[in-house]
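Residue-level listing of the chains:
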Amino acid sequence: LVGVYTNRHGERWELQLKGSGKTPYSRNGDGRAVLRSSVREFLCSEAMHYLGIPTSRAASLVVSDDDVWRDQFYNGNVKKERGAIVLRLAKSWFRIGSLEILAHSGELDLQRRLTDFIIQEHFPSIAMNNSNRYLDFFSIVVSETANLIALWMSVGFAHGVCNTDNFSLLSITIDYGPFGFLDSYNPNFVPNTSDDERRYKIGNQANVGLFNLSKLLQALKPLLDPRQKQLASQILEGYGERYYIRFTELFKTKLGLLGENENDNYLIAFLLKVSLLC
């Protein structure tokens, strides 16, 4: 993260470099990015924006003089590629994992301070003196995550690596890696060649969203009282219905269906099945 920029419209953007080198969080990686993946992220994030899907944006891309070694297909065939750096923007880069790691390490005071900061900066509808602010925060994240994944499905987008570190607390699409788009409907489509267990196949994205939200709830529980914990569990239970309603709305719009008809859901499922057979 290199800074925060406020544009002429008063919009606040956090600027982040991808591929600029090692950071304290690089683990055993080299912190670099190759030109191939950088171009893909630039183009896809802009395409997703203009498709109306919440996403990070790409501001610029520069080619590096560094050579980067990558095993593109994870088959042991390492090749030298040209490096690149993307300057990307988002309203926030905080993820579910940002809170999960603090809860896991028992840094509860820091977790509370960070959660309060996120709410104050990015959730203006929640009053900071509200004793239910963490519950309200969780409710919004659950609803907006369901909305985001339904939007992904409406354009046939498979993220490829849907872990808690790649799920935004602001429910925007971030960290474009081995993503892909469906050419024809296939719920088993996996764009990530390293995903041998097919955990992140496109047909499982909604379920993985639920899993990640359950991890967020687990992280927030030390900040909740017993009544709030019970209510938060009920909110999480409503995730599936929220996703299904939004998914249906989007596909009805694509098909030009007006009003409510008990056969709408059958028609959507039938057409997806027809696409699969084709």
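Residues numbered from 1 in each chain as written. Predicted model: local features only at pLDDT ≥ 70, side-chain atom pairs only at ≥ 80, totals over all residues. Heavy atoms only, no water.

(A) Layout of the packing of helix H4 (residues 133-154) against helix H5 (residues 205-220). Relative to each other, H4 and H5 sit at 165°, their axes nearing to 10 Å. Between H4 and H5, the angle falls in the class roughly antiparallel. Between H4 and H5 the crossing geometry is right-handed. Contacts between H4 and H5 involve Tyr134, Phe137, Phe138, Val141, Val142, Thr145, Ile149, Trp152 and Met153 from the former and Gln205, Ala206, Gly209, Leu213, Leu216, Leu217 and Leu220 from the latter. Each residue belonging to the contact of H4 with H5 can be placed in one class, and the counts come to 13 nonpolar, three polar and no charged. (Axes fitted to C-alpha atoms, helices over the stretch in contact; angles between N-to-C directions. Helix = DSSP H or I, 4+ residues; strand = E, 2+ residues; numbered from the N terminus. Parallel < 35°, antiparallel > 145°, perpendicular 65-115°, else oblique. Left-handed = near helix turned anticlockwise from the far one by under 90°. Contact = heavy atoms within 4.5 Å. Nonpolar A, V, L, I, M, F, W, Y, C, P; charged D, E, K, R; others polar.)

(B) Expanded view of the pairing of strand S1 (residues 3-6). With four bridges connecting them, S1 and strand S2 (residues 12-18) associate as antiparallel partners. Bridging across to S2, Tyr5 finds its partner in Trp13. Connecting S1 to the antiparallel partner S2 that follows it, the hairpin turn spans five residues, and Gly10 within it adopts a positive phi of roughly 80°. (Pairing = 2+ DSSP bridges.)

(C) Spatial organisation of the pairing of S2. Taken together, the five bridges between S2 and strand S5 (residues 79-90) define a ladder with antiparallel strand orientation. In the strand pairing of S5, Leu17 is matched with Leu87.

(D) A look at the side chain of His159. For His159, the location among the structural elements is in the loop between strand S6 (157-158) and strand S7 (180-181). Exposure remark for His159: the relative accessible area of 2% places this residue in the buried category. Apart from the residues within four sequence positions on either side, His159 is in contact with Trp152, Asn166, Thr173, Ile174, Asp175, Pro178, Phe179 and Gln205. (Buried < 20%, exposed > 50% of the residue type's maximum accessible area, 1.4 Å probe, protein only.)

(E) Focus on a nonpolar patch on the surface. A contiguous nonpolar surface patch, about 520 Å² in accessible area, is contributed by Leu255, Tyr266, Leu267, Phe270, Leu271 and Val274. Looking at the nonpolar patch, the element that brings in the most residues is helix H8 (residues 264-277), giving five residues. Tracing the sequence through the fold places Val274 in helix H8. A residue is classified by how much of its surface remains accessible, and Val274, at 31% relative accessible area, is partly exposed. (Patch = residues over 30% accessible without salt bridge, like charges linked within 9 Å, V, L, I, M, F, W, Y side chains within 5 Å. Areas by Shrake-Rupley, 256 points an atom, 1.4 Å probe, with all protein chains shown as cover. Salt bridge = Lys/Arg side-chain N within 4 Å of Asp/Glu carboxyl O.)

(F) A look at the domain arrangement of the protein. The domain architecture assigned to the protein consists of domain 1 (3-90) and domain 2 (96-255). Each of domain 1 and domain 2 has a C-alpha centre, and the two are 22 Å apart. Between domain 1 and domain 2 the total buried area reaches about 1500 Å² when both faces are included, carbon and sulfur atoms providing 61% of it. If you look at where domain 1 meets domain 2, you find two salt bridges. Ionic pairing is found between Asp175 and Arg88, a salt bridge with its closest N-O pair at 3.2 Å. Inspection of the region where domain 1 meets domain 2 yields eight residue pairs in polar contact (both at pLDDT 80 or more). For the side of domain 1 that touches domain 2, the leading source of residues is helix H1 (residues 35-50), giving five residues. Split by residue class, the side of domain 1 that touches domain 2 holds eight nonpolar, five polar and six charged. (Domains from an automatic or database assignment. Buried area = accessible area lost by both parts, 1.4 Å probe. Polar contact = N/O pair within 3.5 Å; in protein donor to acceptor, adjacent residues only side chain to side chain.)

(G) Inspection of the layout of surface pockets at higher detail. Reported here for the second largest pocket is a volume of approximately 420 Å³. Lining the second largest pocket we find 23 residues, and of these Tyr185, Phe247, Phe251, Ile268 and Leu272 sit closest to its centre. Looking at the lining of the second largest pocket, its residues break down into 16 nonpolar, six polar and one charged. (1 Å grid on protein atoms, 1.4 Å probe; cavity = no way out; pocket = protein on both sides within 12 Å on 5 of 7 lines; lining within 4 Å. Points joined across faces, edges and corners; volume = space filled by probe spheres on them.)

(H) Spatial organisation of unusual backbone geometry. Phi at Asp175 is positive, roughly 60°, even though this residue is not glycine. Given a relative accessible area of 14%, Asp175 falls into the buried group. One non-glycine residue, Arg198, lies in the positive phi region at around 60°. Along the polypeptide, Arg198 turns up in the loop between S7 and H5. Since its relative accessible area comes to 39%, Arg198 is described here as partly exposed.

(I) Focus on the pattern of salt bridges. Summed over all chains, the structure comprises 17 salt bridges. Measuring nitrogen to oxygen at the nearest pair gives 3.2 Å for the salt bridge that ties Arg32 to Asp66. Linking Arg32 in the loop between S2 and strand S3 (33-34) with Asp66 in strand S4 (residues 57-70), this pair joins segments that are 34 residues apart in sequence. Since its relative accessible area comes to 33%, Arg32 is described here as partly exposed. A salt bridge links Asp175 to Arg95; its shortest N-O distance comes to 2.5 Å. Residue Asp175 is found in the loop between S6 and S7, and its partner Arg95 is found in the loop between S5 and helix H2 (96-104); the two are separated by 80 residues along the sequence. Here Asp175 and Arg95 have matching classes, each one buried. Counted as one network, the salt bridges with shared partners bring together Lys18, Glu41, Arg88, Arg95 and Asp175.

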